[in-house]
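The chain contents come next:
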Amino acid sequence: MVPSSCKGIYKMKYKATEEVQRFKAGLVAKGTANRRALNQETFSPVVKMGFQIQGETRPACRLLKFLYGLKQAPRQWNAKLSEALLRFGFMQSQHDHSLFIKGSRSQRGILMHQRKYTLELIYELGLGAAKPAATPIEANIKLTTKEYDEHTSSSNATDDEVLIDISQYQRLLGKQLYLTVTRPDIAYSIQTLSQLRSHLEAAQRVVRYVKNQPGQGILLSSKQRNTITTYCDADWAACPITMKSVTCFFIKYGNSLISWKSKK
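Quantities reported herein were computed from a predicted structural model and do not represent experimental measurements.

Cut-offs used in this document
Residues numbered from 1 in each chain as written. Predicted model: local features only at pLDDT ≥ 70, side-chain atom pairs only at ≥ 80, totals over all residues. Heavy atoms only, no water. Helix = DSSP H or I, 4+ residues; strand = E, 2+ residues; numbered from the N terminus. Buried < 20%, exposed > 50% of the residue type's maximum accessible area, 1.4 Å probe, protein only. Contact = heavy atoms within 4.5 Å. Areas by Shrake-Rupley, 256 points an atom, 1.4 Å probe, with all protein chains shown as cover. Phe/Tyr/Trp six-rings, centres within 6.5 Å; stacked < 30°, edge-to-face > 60°. Patch = residues over 30% accessible without salt bridge, like charges linked within 9 Å, V, L, I, M, F, W, Y side chains within 5 Å. Salt bridge = Lys/Arg side-chain N within 4 Å of Asp/Glu carboxyl O. Lys, Arg positive; Asp, Glu negative; His and termini not counted. Charge placed at Lys NZ, Arg CZ, Asp CG, Glu CD. Core = buried A, V, L, I, M, F, W, Y, C linked by side-chain atoms within 4.5 Å. Pairing = 2+ DSSP bridges. Axes fitted to C-alpha atoms, helices over the stretch in contact; angles between N-to-C directions. Expected span 1.5 Å × (residues − 1). Arc of directions from axis to C-beta. Parallel < 35°, antiparallel > 145°, perpendicular 65-115°, else oblique. Left-handed = near helix turned anticlockwise from the far one by under 90°.

**Section: the overall build of the chain**
A count of helical and extended segments in the chain gives six helices and eleven strands. The buried share among the 264 residues of the chain stands at 25%. Taking the contacts inside the chain whose residues are at least 6 apart along the sequence as the reference set, 54% of them involve residues at least 24 apart. Of the accessible surface of the chain, which amounts to about 19700 Å², a share of 54% is contributed by carbon and sulfur atoms.

In structure tokens, the structure reads:
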């Protein structure tokens, strides 16, 4: 290996008031000496150097490895991620190398589930001692907004209070949306709740429902059948607010469920 010359780069970062915010320094190994056919890729590794500003006592950090800005960075990150996922027991798809699957394998096929994630969600919400729910959403109840219930004097109005800060409700729905990757039985409930903002109790009921079978998931059958079967259903004017229909479908390849959705 022939060492190349280096060049120091010094910059100052300014605030909006044109005051100096901090000083920046970098050591760049020149890559301009590479020759065609001998060096296929030209790049300049950067060493970020920390240095102390006069009057401050904060120590500088030493960077062990720097990848950002190099053409090899995406490839190196992908190789590291793939290596880690394979080490943790995931299987890499031969048709899509960005897809990693981890499930329980048997003679019947591969069971894809999110048991660990489900148990963590139950523990996070403090529902470990709560009674499991028989259904993901209460039967014969149309979830609506508070304004709609007051305007129509609906008898189906729930006791959920209007949330001033809906961030907790949104975070919970986001986590439940991730569960629909292997739980099509809660797709309709999450689709309904995601359009509302004041039904925290109903959202927690979905968690109590998946508590019944936290290891339930999708079975990718080992039996080979080159047939595609599609089922579709619609509930006419099911949404009381918009009077729109709710449509749901799922698609099977052989005996394996591969796609499903519930939408308004």
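Here the narrative resumes.
**Quick notes on the packing of aromatic side chains**
The tally for this structure, following the rule as stated, stands at two aromatic pairs. Look at Tyr 117 and Tyr 178: their rings are 4.9 Å apart centre to centre, the planes differ by 80°, and that puts the pair in the edge-to-face class. Taken together, the positions of Tyr 117 in helix α2 (residues 115-124) and Tyr 178 in helix α4 (residues 167-179) put the pair 61 residues apart, joining distant regions of the chain. Relative accessible area serves as the criterion here: at 22%, Tyr 117 is assigned to the partly exposed category. Take Tyr 178: its relative accessible area is 48%, and that puts it in the partly exposed class. Centroid distance Tyr 231 to Phe 250: 5.0 Å. Interplanar angle 25°. Geometry classified as stacked.

**Details of a positive patch on the surface**
Side chains of Lys 11, Lys 13, Arg 22 and Lys 24 sit close together on the surface and give a patch of like positive charge. For the positive patch, the secondary-structure elements that each account for two or more residues are β1 (6-14) and β2 (20-29). Its place among the elements puts Arg 22 in strand β2.

**Notes on the nonpolar core**
General note: in soluble globular proteins, nonpolar side chains tend to be found buried as a group. In this structure, Leu 143, Tyr 169, Leu 172, Ile 186, Leu 193, Ala 203 and Val 207 are the most contacted members of the largest nonpolar core, which totals 21 residues. Where this core is concerned, the elements lending two or more residues are α2, α4, α5 (187-193) and α6 (200-210). At seven residues, α6 tops the list of elements feeding residues into this core. Each residue touching Ala 203, except ones within four places of it in the same chain, is listed here: Tyr 169, Leu 172, Leu 173, Gln 176 and Leu 193.

**What to know about the sheet that holds strand β8 (residues 217-221)**
The antiparallel open sheet is built from three strands, whose spatial order is β6-β7-β8. Across the chains shown, the open sheet's two edge strands, defined by having one partner strand only, are β6 (104-106) and β8. Ignoring strand direction, the axes of neighbouring strands in this sheet form an average angle of 20°. Summarising the sheet, β6 and strand β7 (residues 109-113) pair through three bridges and their orientation is antiparallel. When the bridges of β7 are listed, Arg 105 appears paired with Ile 110.

**A word on the environment of Lys 102**
Its place among the elements puts Lys 102 in the loop between β5 (100-101) and β6. Lys 102 sits eleven residues away from His 113 along the chain, and the two C-alpha atoms are 8.4 Å apart. In this structure, Lys 102 is in contact with Phe 88, Gly 89 and Phe 90, ignoring residues within four places of it in sequence.

**Here we look at the sheet that holds strand β9 (residues 228-235)**
The strands making up a sheet associate through backbone hydrogen bonding, with each pair oriented either parallel or antiparallel. As summarised here, the arrangement of the three strands in space is β9-β10-β11, forming an open sheet in which the pairing is antiparallel. With partners counted over all chains shown, the strands left at the sheet margins are β9 and β11 (256-263), one partner each. Along the sheet, successive strands turn relative to each other by an average axial angle of 10°, direction set aside.

**Side note on the side chain of Gln 176**
For Gln 176, the position within the fold is in helix α4. Under the relative-accessibility criterion, Gln 176 is labelled buried at 0%. The residues contacting Gln 176, other than those within four sequence positions of it, are Leu 121, Ile 186, Ile 190, Ala 203, Val 206 and Val 207.

**Some thoughts on α4**
Its 13 residues give α4 an end-to-end C-alpha distance of 19 Å, which sits within 8% of 18 Å, the value for a rise of 1.5 Å per residue. Among all positions of α4, only Tyr 169, Leu 172, Leu 173, Gln 176 and Leu 179 are buried. Within α4, the buried residues cover an arc of 100° as seen down the axis, which keeps them to one side. What points out from α4, more than 90 degrees from its buried face, is the exposed set Arg 171 and Leu 177.

**Observations regarding the packing of α4 against α6**
Running from N to C, α4 and α6 point in directions that differ by 30°, and their axes come no closer than 10 Å. In terms of their interaxial angle, α4 and α6 are classed as roughly parallel. Pair α4 / α6 crosses with left-handed handedness. Here Gln 168, Tyr 169, Leu 172, Leu 173, Gln 176 and Leu 179 of α4 come into contact with α6, specifically with Leu 200, Ala 203, Gln 204, Val 206, Val 207 and Val 210.

Nothing here speaks to function; it is all geometry.
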